[in-house]
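Coordinate inspection notes
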Amino acid sequence: MPAAEIEALIRAALPDAEIRIDDLAGDGDHYRAYVTSGAFAGKSRVQQHKLVYDALGGRMGGELHALQLVTAIPT
Amino acid sequence: MSDANERISQIVNQHDVVLFMKGTPLFPQCGFSSRAVAILEHCGTDFESVDVLQDMEIRQGIKSFSDWPTIPQLYIKGEFVGGSDIMMEMYEAGELQQLLADKVGSAN
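Since the model is a prediction, treat every value here as computed from it, not as a measurement. (Residues numbered from 1 in each chain as written. Chains lettered and ligands numbered in written order. Predicted model: local features only at pLDDT ≥ 70, side-chain atom pairs only at ≥ 80, totals over all residues.)

**A short note on the sheet that holds strand β4 (residues 79-82) of chain B**
Residues and elements named next belong to chain B. For the record, the criterion: One bridge is not enough; two strands pair if DSSP finds at least two bridges between them. Secondary structure follows DSSP: runs of H or I at least 4 residues long count as helices, runs of E at least 2 residues long count as strands, and numbering of each begins at the N terminus. To obtain an axis, a line is fitted to C-alpha atoms, over the contacting stretch when the element is a helix, and the angle between two such axes runs from 0 to 180 degrees between their N-to-C directions. It is the C-beta atoms, placed from the backbone, that decide contacts: two residues are in contact if theirs lie within 7 Å.
With mixed pairing, four strands are arranged side by side in an open sheet as β2-β1-β3-β4. Only two strands of the sheet have a single partner each, and these edge strands are β2 (48-51) and β4. The average undirected angle you get between the axes of adjacent strands in this sheet is 25°. Alignment of strand β1 (residues 17-21) against β2, held across four bridges, turns out to be parallel. If you follow Met21 over to β2, its bridge partner there is Asp51. Across the sheet, helix α2 (residues 31-43) lies against β1 and β3 (73-76), angled at about 160° from β1, the strand it touches most.

**Here's the deal with the interface of chain B and chain A**
The following threshold applies: All residues other than Ala, Val, Leu, Ile, Met, Phe, Trp, Tyr, Cys, Pro, Asp, Glu, Lys and Arg, Gly among them, are scored as polar; the first ten of these are nonpolar and the last four charged.
Contacts between the two partners involve eight residues from chain B, matched on the other side by nine residues from chain A. A total of three residues in the side of chain B that touches chain A trace back to one element, the largest contributor, which is helix α4 (residues 84-92) of chain B. Tallied by class, the residues present in the side of chain B that touches chain A amount to three nonpolar, two polar and three charged.

Below, the structure written as structure tokens:
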């Protein structure tokens, strides 16, 4: 799954998000995503990650196995 | 409640710290599970591990139990804490050690 597609899905759900996606192995299959969004304010880490997983619409754990996720609130 | 839910509920309530993972602590079958084990070992905590690859019912059931799509999953005192990314963030912030100390009293 191309990084641009992951980014587009996240942005569709979290329009304000600042997103950076690193392709860890250079194989288009192992990614780390950094997502910063105001939508995370007041939410636990689990809830923040769930917002991103929801944006990915069920691909997480299936089509997308290796996505590390780091979430943050804008400062 | 389905059988899988019932079984998972029993496991997480019987043990203070439970890691649902792929493989075993000695032979993890996935990099994320391996990382989760390493974090718990660094915390110096005893934990129960469940190899989901040996149990399809739990492998599927654990995802709906916590509404979380991936494995590994860490539970402390019956509560879902997170996957390996959250474990790492909490460990680096010292929060996981604190949580273990507060809830279980066994972290260094």
